[in-house]
Amino acid sequence: MDATTAFRGLECLDCGATAPDGSYRCPDCGGLLRASYDLDAVPGADALDGRDPGPYRVAELLPFSRDHAVTMDEGATPATACPTLADEFGVDELLVKDEGRNPTGAATDRGLSLAVTAARDGDAAAVALPTTGNGGQSAAAHAGRAGLDSHSFVPSRCPFVNKAMINVHGGDMNVVEGRYPDAVEAYEGGREDEWTPVGPASPYRREGLKGIYFEVAATLSWSAPDALVVPTGHGTALAAIHAAATQLADAGVVDETPRLYAAQPTGCAPVVDAVADGKVSPEEQPDSIVGSLEVPDPVLGDRAAAAVRESDGEGVAVDDDDALAAAVDAAGDTGLEISATGGVGVAAARELADLGAFDGDDAVVVVNPVAGGKENDVLRSHLMSRGV
Ligand SMILES: [Zn+2]
């Protein structure tokens, strides 16, 4: 029999109120919601080992069972050992968790699978969100599968592949002149009451991204890596990985928790700044070629910064050129198609290695959130600067 969920419900992170299943924010105070679970229901590592790979290996800690979810088999992405990078960074093991292998080529598929499931369960006719691009593509794909309409608000700078594929999946797309905050403003002004929001504040988006950590822990025989480097926009993945690591430790499956590192482009690094300063201040003039991470006012910024601090990690900002060079060089050295977004993580890991943040026996995981092929124009343009 398939493992089933041990989901108990949603509660507010700010006021502690419980919220009905499917809620986007707290009905009392508007705060962010989190999911709670019966941790006693999680079996031991041996039992988990006997299950199929992928996020539902730890089905108890997800809000829906696999056979209930709107899913195209998201997750079960490889964490590929990269010995060349391990040597360069002076660590025992360097793994790239390649989220580009998801159905639409991005980690956003994991969260939108669950957010669209919740919307369908709530009898929604349509889902809607502002997005830097990948989230809109994931939403359009999953909404189409569930028989729902989707409405994505993307900035004009959003990659062409996202715009094309949102339409290919049958989604409605609103291209807003400018950058991500302009798309958020257009969404707020244009959204209709019957649209169910599936934006980054959705607790289901966060729950879906926990699978990244479940799978990393399984790859490492139910131990924690020493460090996880996470390219960060809204902070959703960082908050999710922190929640997953805490839950697996509290359930007695994994003994340790990893150090978490937030990696952002220098031109838009509010979470990195908040790790040091304690609270997110929106970036006044965001400017990065890595559009997926150009999020000046991250929804989960404070949560993500707190997760980094609690884990004894750090925030690392890297220049665009270093991120692009890291992505291109890693593609050459490892064969993996690292995106510019993932390059921010590789470049941050390199900087951490230079600063002495890693030990020689460390196992370090870098998350590549997006397939390199989805950002091929930015990567190719970097080669021009090398005369290629
Ligand atoms: Zn509340």
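Since this is a predicted model, take the numbers as computed values, not measurements.

1. Side note on the sheet that holds strand β6 (residues 126–130)
Inference 1: The strand order across the open sheet formed by 4 strands is β8-β7-β6-β9, and the pairing between neighbours is parallel. Because the sheet does not close on itself, it has two edges, and the strands there are β8 (172–176) and β9 (195–197). Neighbour to neighbour, the strand axes of the sheet diverge by 25° on average, direction disregarded.
Inference 2: Pairing between strand β7 (residues 149–155) and β8: 5 bridges, direction parallel. Across the sheet, Val154 pairs through a bridge with Val175, a residue of β8.

2. Overview of the sheet that holds strand β12 (residues 315–318)
Inference 1: Ordered by their spatial adjacency, 6 strands build an open sheet running β4-β5-β13-β10-β11-β12, and the pairing between neighbours is mixed. Edge strands, defined here as strands with exactly one partner in the open sheet, are β4 (79–81) and β12. The sheet shows a mean angle of 25° between the axes of neighbouring strands, direction not considered.
Inference 2: With 3 bridges joining them, strand β10 (residues 227–231) and strand β13 (residues 363–368) adopt parallel strand pairing. Within β13, the residue paired with Leu228 across the bridge is Val365.
Inference 3: The sheet strands contacting helix α9 (residues 270–277) are β11 (259–265) and β12, and the helix crosses β11 at an angle near 130°.

3. Looking at the pairing of β6
Regular strands have side chains that alternate between both faces of the sheet.
Inference 1: With 5 of its 5 residues buried, β6 lies for the most part within the structure.
Inference 2: Where burial is concerned, the two faces of β6 agree: the one with Ala126, Ala128 and Pro130 and the one with Val127 and Leu129 are both buried.
Inference 3: As paired strands, β6 and β7 are joined by 5 bridges and run parallel to one another. Of the residues in β7, the one forming a bridge with Leu129 is Ser152.
Inference 4: Regarding topology, helix α4 (residues 134–146) serves as the crossover connection from β6 to the parallel β7, and that connection is right-handed.
Inference 5: With 3 bridges joining them, β6 and β9 adopt parallel strand pairing.

4. A closer look at the coordination of the zinc ion
Between any two of four tetrahedral donors, the ideal angle at the metal is 109.5 degrees; between two of six octahedral donors, it is 90 or 180 degrees.
Inference 1: For the zinc ion, every protein donor is listed as Cys12 (SG), Cys15 (SG), Cys26 (SG) and Cys29 (SG), and the spread of their distances is 2.3 Å.
Inference 2: Coordination at the zinc ion is tetrahedral, judged from the 4 donor atoms that bind it and the angles of 100 to 119° they form at the metal.

5. A few points about helix α7 (residues 203–219)
Inference 1: With 17 residues, α7 should cover 24 Å at 1.5 Å per step; its first-to-last C-alpha distance of 26 Å lies within 8% of that length.
Inference 2: Within α7, 16 of the 17 residues are buried, which leaves the element mostly enclosed by the surrounding structure.
Inference 3: Structurally, the start of α7 carries an N-cap: the backbone nitrogen of Tyr204 is 3.1 Å from a side-chain oxygen of Ser202.
Inference 4: Following α7 by one or two positions, Ser221 has its phi on the positive side, about 55°.

6. Considerations on empty space enclosed by the protein
Over the atoms rolls a probe the size of a water molecule, and in doing so it shows where empty space is left.
Inference 1: Applying the stated criterion across every chain, the model contains 3 cavities of 30 Å³ or more.
Inference 2: For the largest cavity, the calculated volume is near 490 Å³.
Inference 3: The wall of the largest cavity is formed by 30 residues, among which Thr108, Arg205, His234, Thr236 and Ser292 lie closest to the centre.
Inference 4: Listed by contribution, the elements that provide at least two residues to the lining of the largest cavity are α3 (108–121), β6, α4, α7, β10 and α8 (236–250).
Inference 5: For the lining of the largest cavity, the element with the highest residue contribution is α8, accounting for 3 residues.
Inference 6: Tallied by class, residues from the lining of the largest cavity come to 16 nonpolar, 13 polar and 1 charged.

7. Let's talk about the packing of α4 against helix α5 (residues 160–168)
Inference 1: Look at α4 against α5: their axes get within 9 Å of each other, and the N-to-C directions meet at 15°. Between α4 and α5, the crossing angle belongs to the class labelled roughly parallel. As α4 packs across α5, the resulting crossing turns out to be left-handed. Counted together, Asn134, Gly136, Gln137 and Ala140 of α4 and Val161, Asn162, Met165 and Ile166 of α5 form the full contact between these two elements.
Inference 2: When its residues are assigned to classes, the contact of α4 with α5 shows 4 nonpolar, 4 polar and no charged.

8. Section: unusual backbone geometry
Inference 1: For Ala76, which is not a glycine, the phi torsion comes out positive at approximately 55°.
Inference 2: The residue Ala76 is located in the loop between α1 (45–49) and β4 in this model.
Inference 3: One non-glycine residue, Ser221, lies in positive phi territory at about 55°.
Inference 4: Within the secondary structure, Ser221 is located in the loop between α7 and β10.
Inference 5: Judged by relative accessible area, Ser221 falls into the exposed class, the value being 60%.

9. Some details on the packing of helix α11 (residues 320–334) against helix α13 (residues 376–384)
Inference 1: Remark: α11 packs on α13, axes separated minimally by 10 Å, with the N-to-C direction vectors making an angle of 100°. It follows from the interaxial angle that α11 and α13 lie roughly perpendicular. Seen from α11, the contacting residues are Asp321, Leu324, Ala325, Ala327 and Val328; seen from α13, they are Val378, Leu379, His382 and Leu383.
Inference 2: Partitioned by chemical class, the residues of the contact of α11 with α13 number 7 nonpolar, 1 polar and 1 charged.

10. Description of the nonpolar core
Inference 1: Core analysis: the biggest nonpolar cluster contains 69 residues, and Tyr204, Tyr213, Trp222, Leu228, Leu248 and Val254 have the highest contact counts within it.
Inference 2: If we skip the residues at most four places from it in the chain, Trp222 touches Ala45, Leu48, Asp49, Arg57, Val58, Phe214, Ala217, Leu248, Val253 and Val254.
Inference 3: With 37 residues, the next largest nonpolar core counts Cys82, Val290, Ala348 and Val378 among its residues.

11. Quick look at the side chain of Arg205
Inference 1: Following the sequence through the fold, Arg205 ends up in helix α7.
Inference 2: No salt bridge is formed by the buried Arg205; the nearest opposite charge belongs to Asp109, separated by 9.4 Å.
Inference 3: With sequence-adjacent residues up to four places away left out, Arg205 is seen in contact with Thr108, Gly111, Leu112, Ala115, Leu129, Val198, Gly199, Pro200 and Thr236.

About the cut-offs
- Residues numbered from 1 in each chain as written.
- Predicted model: local features only at pLDDT ≥ 70, side-chain atom pairs only at ≥ 80, totals over all residues.
- Heavy atoms only, no water.
- Pairing = 2+ DSSP bridges.
- Helix = DSSP H or I, 4+ residues; strand = E, 2+ residues; numbered from the N terminus.
- Axes fitted to C-alpha atoms, helices over the stretch in contact; angles between N-to-C directions.
- Contact = heavy atoms within 4.5 Å.
- Buried < 20%, exposed > 50% of the residue type's maximum accessible area, 1.4 Å probe, protein only.
- Right-handed = clockwise from strand over helix to strand, strands pointing away.
- Donors = N, O, S within 2.8 Å, 3.2 Å for Na, K, Ca; no water.
- Tetrahedral: all angles 85-135°; square planar, octahedral: opposite > 155°, others 65-115°.
- Expected span 1.5 Å × (residues − 1).
- Polar contact = N/O pair within 3.5 Å; in protein donor to acceptor, adjacent residues only side chain to side chain.
- 1 Å grid on protein atoms, 1.4 Å probe; cavity = no way out; pocket = protein on both sides within 12 Å on 5 of 7 lines; lining within 4 Å.
- Points joined across faces, edges and corners; volume = space filled by probe spheres on them.
- Nonpolar A, V, L, I, M, F, W, Y, C, P; charged D, E, K, R; others polar.
- Parallel < 35°, antiparallel > 145°, perpendicular 65-115°, else oblique.
- Left-handed = near helix turned anticlockwise from the far one by under 90°.
- Core = buried A, V, L, I, M, F, W, Y, C linked by side-chain atoms within 4.5 Å.
- Lys, Arg positive; Asp, Glu negative; His and termini not counted.
- Salt bridge = Lys/Arg side-chain N within 4 Å of Asp/Glu carboxyl O.

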